[in-house]
Amino acid sequence: MKTLFIGLINGYQKFISPLTPPSCRFYPTCSHYGVEAIQKHGALKGSLLTIRRISKCHPFHEGGYDPVPEKFPNKD
C-alpha cells in the first residue's frame, strides 16, 4: 500500500503539479509531506496525517513550517 500511495503522490508531483502555479502555504509542500508521512508512519497513519494537513490548506490558516511528527499524535 505504501508503494501505491507514494507512487500516486509522485505522479501528481510529476504530471499535475507543474501545470498549476506554486501556491502552497506550507513547508514542506503537502505532497512532500504526504510522501514523508507515509514513509515514516505507514500507509494508513501517513494518509491520515496527510489528509489532516491538506484540511489546513485554506485562507484562514497562516501556514508556515509544518514537519511530519516523529510520533503519530494520539488523542488523550
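To start, this report covers the structure provided alongside it.

Thresholds applied
Throughout this description, residue numbers start from 1 for each chain and increase along the sequence as written. Local features in this predicted model are restricted to residues of pLDDT 70 or higher, and side-chain atom pairs are both shown and tallied only at a pLDDT of 80 or more, whereas totals for entire chains, interfaces and linings draw on every residue. Based on all heavy atoms of the structure, the side-chain values leave hydrogens and waters out of the count. Secondary structure elements are taken from DSSP: a helix is a run of H or I of four residues or more, a strand is a run of E of two residues or more, and numbering for both begins at the N terminus. Put simply, the radius of gyration uses C-alpha atoms, and a globule should come to 2.2 Å times the residue count raised to 0.38. Every residue pair with non-hydrogen atoms within 4.5 Å of one another is taken to be in contact. Accessible surface area values rest on a Shrake-Rupley calculation with a 1.4 Å probe, where residue burial reflects the displayed protein chains alone. Under the convention used here, Asp and Glu are negative, Lys and Arg are positive, and both His and the chain ends fall outside the count. Where a charge lies is defined by one atom per residue type, namely NZ (Lys), CZ (Arg), CG (Asp) and CD (Glu). Angles here are taken between N-to-C directions and fall from 0 to 180 degrees, while the axes themselves are lines fitted to C-alpha atoms, restricted in helices to the stretch in contact. In these notes the angle categories are as follows: under 35 degrees is roughly parallel, over 145 is roughly antiparallel, 65 to 115 is roughly perpendicular, and the rest is oblique. Here a crossing is taken to be left-handed if its near helix is turned anticlockwise relative to the far helix by less than a right angle, and right-handed if that turn runs clockwise. Think of it as three bins: nonpolar holds Ala, Val, Leu, Ile, Met, Phe, Trp, Tyr, Cys and Pro, charged holds Asp, Glu, Lys and Arg, and polar takes everything else, Gly as well.

## Section: the overall build of the chain
Then, number 1: Assigned secondary structure in the chain consists of three helices and two strands.
Then, number 2: Compactness check: the chain gives a C-alpha radius of gyration of 13 Å against a globular reference of 11 Å for 76 residues, within 12% of the reference.
Then, number 3: Taking the contacts inside the chain whose residues are at least 6 apart along the sequence as the reference set, 71% of them involve residues at least 24 apart.
Then, number 4: Surface exposure of the chain reaches about 5,600 Å², of which carbon and sulfur atoms provide 63%.
Then, number 5: The average position of the 10 basic charges and that of the 5 acidic charges among the side chains of the chain differ by 6 Å.

## Observations concerning the packing of helix H1 (residues 2-16) against helix H2 (residues 30-41)
Then, number 1: At a minimum axis distance of 10 Å, the contact between H1 and H2 shows a crossing angle of 165 degrees. On the basis of their axis angle, the class for H1 and H2 is roughly antiparallel. Relative to H2, H1 is oriented so that their crossing is left-handed. From H1, Lys2, Phe5, Ile6, Ile9, Asn10, Tyr12 and Gln13 reach across to H2, where they touch Ser31, His32, Gly34, Val35, Ile38 and Gln39.
Then, number 2: Partitioning the contact of H1 with H2 into residue classes produces six nonpolar, six polar and one charged.

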